[in-house]
Amino acid sequence: LENSIKIFNEIQEGKSNYHLVFLLKLTKWLGLQPTLNIEVNNFFDLKEGVFLSQKPSHPYYLSKEETNIIAKFLVIEWTEIGRVKLAGILRRKLLNSIINYYIFHVPGFKKPKALTILEEVFD
C-alpha cells in the first residue's frame, strides 16, 4: 500500500486511471485476483471472477471493451498506466464494475458512500 501511494505521487501521466489499477492490483493481496484466460478473454464475469470466451448466463459481466481494459490493468506496470486513455464515462463504469466485483467477493463489503467523490476526483 505504501509503495502504491508513493507511485501515485511520482507518476506524471495516468493519475486518472490510478484508482482503477490500484483496486485491481489490490485484489492480488486480498487473494481475489481474477485469473486471465490463456485462450480468449472476451467477457469478465464479475460474479465468478473469471474471464470467459462466451457471455455468462447472468447479467453480471463486462463487455468486450471493458474486459479488455480490466485484463490490461491487471498486468500493467504502474509507469504504463498513462498510456491507456479512457473517456470519463467508461472510467466511471469500470469503477462501478470493480466495486461490484468487490461486493461479490469480499464478505460484508458495501458500496462506498464517497464513490461519487472518487469519480469526480479521478475524472
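Heads up: the structure comes first, above all this text.
Let us look at the structure shown here. (Residues numbered from 1 in each chain as written. Predicted model: local features only at pLDDT ≥ 70, side-chain atom pairs only at ≥ 80, totals over all residues. Heavy atoms only, no water.)

1. Comments concerning the overall build of the chain
Worth spelling out the cut-off: Each helix corresponds to a stretch of at least 4 residues labelled H or I by DSSP, and each strand to a stretch of at least 2 residues labelled E; elements are numbered beginning at the N terminus. With the radius of gyration taken over C-alpha atoms, the globule rule is written as 2.2 Å times the number of residues to the power 0.38. Any residue under 20% of the maximum accessible area for its type is buried, any over 50% is exposed, and the rest in between are partly exposed; the area is computed with a 1.4 Å probe on protein chains only. In what follows, residue pairs with any heavy atoms lying within 4.5 Å of each other are defined as contacts.
Tallying secondary structure elements over the chain gives 5 helices and 2 strands in all. When the helices and strands of the chain are listed from N to C terminus, the series reads α-α-β-β-α-α-α. Over its C-alpha trace the chain gives a radius of gyration of 14 Å, about what one expects of a compact globule, namely 14 Å for 123 residues. Here the C-alpha coordinates of the chain stretch approximately 40 × 30 × 30 Å along the principal axes. Taken over 123 residues, the chain has a buried fraction of 41%. Considering only contacts within the chain whose residues lie at least 6 apart along the sequence, 54% involve residues at least 24 apart.

2. Brief notes about helix H2 (residues 15-30)
Just so we agree on the cut-off: A helix's residues, less one, multiplied by 1.5 Å, set its expected span.
The first and last C-alpha atoms of H2 sit 23 Å apart over 16 residues, in line with the 22 Å expected at 1.5 Å per residue. Asn17, Tyr18, His19, Leu20, Val21, Leu23, Leu24, Leu26 and Thr27 are the residues of H2 that are buried. Phi for Gly31, located one or two positions after H2, is positive at around 80°.

3. Remarks on the environment of Glu77
Of note, Glu77 is situated in the loop between helix H3 (64-75) and helix H4 (88-105). Under the relative-accessibility criterion, Glu77 is labelled exposed at 55%. Counting along the chain gives 56 residues from Glu77 to Val21, while the straight-line C-alpha distance between them is 9.3 Å.

4. Observations regarding the side chain of Asp45
What counts is decided by this rule: For this count, His and the chain ends are skipped, Lys and Arg are scored as positive, and Asp and Glu as negative. The rule for a salt bridge is simple: a side-chain nitrogen of Lys or Arg has to be within 4 Å of a carboxyl oxygen of Asp or Glu. Two N or O atoms count as a polar contact when they lie within 3.5 Å, although within protein this holds only if one can serve as hydrogen donor and the other as acceptor, and sequence-adjacent residues are included solely when both atoms are side-chain atoms.
Looking at the secondary structure, you find Asp45 in strand E1 (residues 43-45). Despite being buried, Asp45 has no salt bridge partner; Lys47 is the closest side chain of opposite charge, sitting 7.4 Å away. Among the polar contacts made by the side chain of Asp45, one reaches the main-chain amide nitrogen of Lys47 at a distance of 3.0 Å. Beyond its immediate sequence surroundings of up to four residues, Asp45 is in contact with Val50, Leu52, Pro56, His58, Tyr60 and Tyr61.

5. Here's the deal with the packing of H2 against H3
The condition is simple: Axis definition: a line fitted to C-alpha atoms, limited for helices to the stretch in contact. Angles are taken between N-to-C directions and run from 0 to 180 degrees. The scheme is simple: roughly parallel for angles under 35 degrees, roughly antiparallel for over 145, roughly perpendicular for 65 to 115, oblique for anything else. Each residue gets one of three labels, nonpolar for Ala, Val, Leu, Ile, Met, Phe, Trp, Tyr, Cys and Pro, charged for Asp, Glu, Lys and Arg, and polar for the others, Gly among them.
Between H2 and H3, the shortest axis-to-axis distance is 9 Å and the interhelical angle comes to 70°. In this view, H2 runs roughly perpendicular relative to H3, as classed from their interaxial angle. For the pair formed by H2 and H3, the contact residues are Asn17, Leu20, Val21, Leu24, Lys25 and Thr27 on the first element and Ile70, Phe73, Leu74 and Val75 on the second. Counted by class, the contact of H2 with H3 contains 7 nonpolar, 2 polar and 1 charged residues.

6. Points about the packing of aromatic side chains
As a reminder, the rule being used: Note on ring pairs: Phe, Tyr and Trp rings are taken, using the six-membered ring of Trp, and paired if centres are within 6.5 Å. Classes follow the plane angle, with under 30 degrees stacked, over 60 edge-to-face and the rest tilted. Remark: a charge is flagged as sitting over a ring if the NZ atom of Lys or the CZ atom of Arg is within 6 Å of the ring centre and within 35 degrees of the ring normal.
Summed over all chains, the structure comprises 7 aromatic pairs. An aromatic cluster of three or more residues is present, and its members are Tyr18, Phe22 and Trp78. We note Lys25 situated over the ring of Trp78; from NZ or CZ to the ring centre the distance is 6.0 Å. Directly above the ring of Trp29 sits Lys28, whose terminal nitrogen or CZ lies 5.8 Å from the centroid.

7. Digging into the nonpolar core
Applied cut-off: What is meant by a nonpolar core is a set of buried Ala, Val, Leu, Ile, Met, Phe, Trp, Tyr and Cys residues, joined one to another through side-chain atoms within 4.5 Å.
Within the largest apolar cluster, 30 residues are counted, with the highest numbers of intra-cluster contacts made by Leu20, Ile70, Phe73, Ile81, Leu86, Leu94 and Ile98. No other element matches the 7 residues that H4 contributes to this core. Setting aside residues up to four positions removed in sequence, Ile98 forms contacts with Leu20, Leu23, Leu24 and Ile70.

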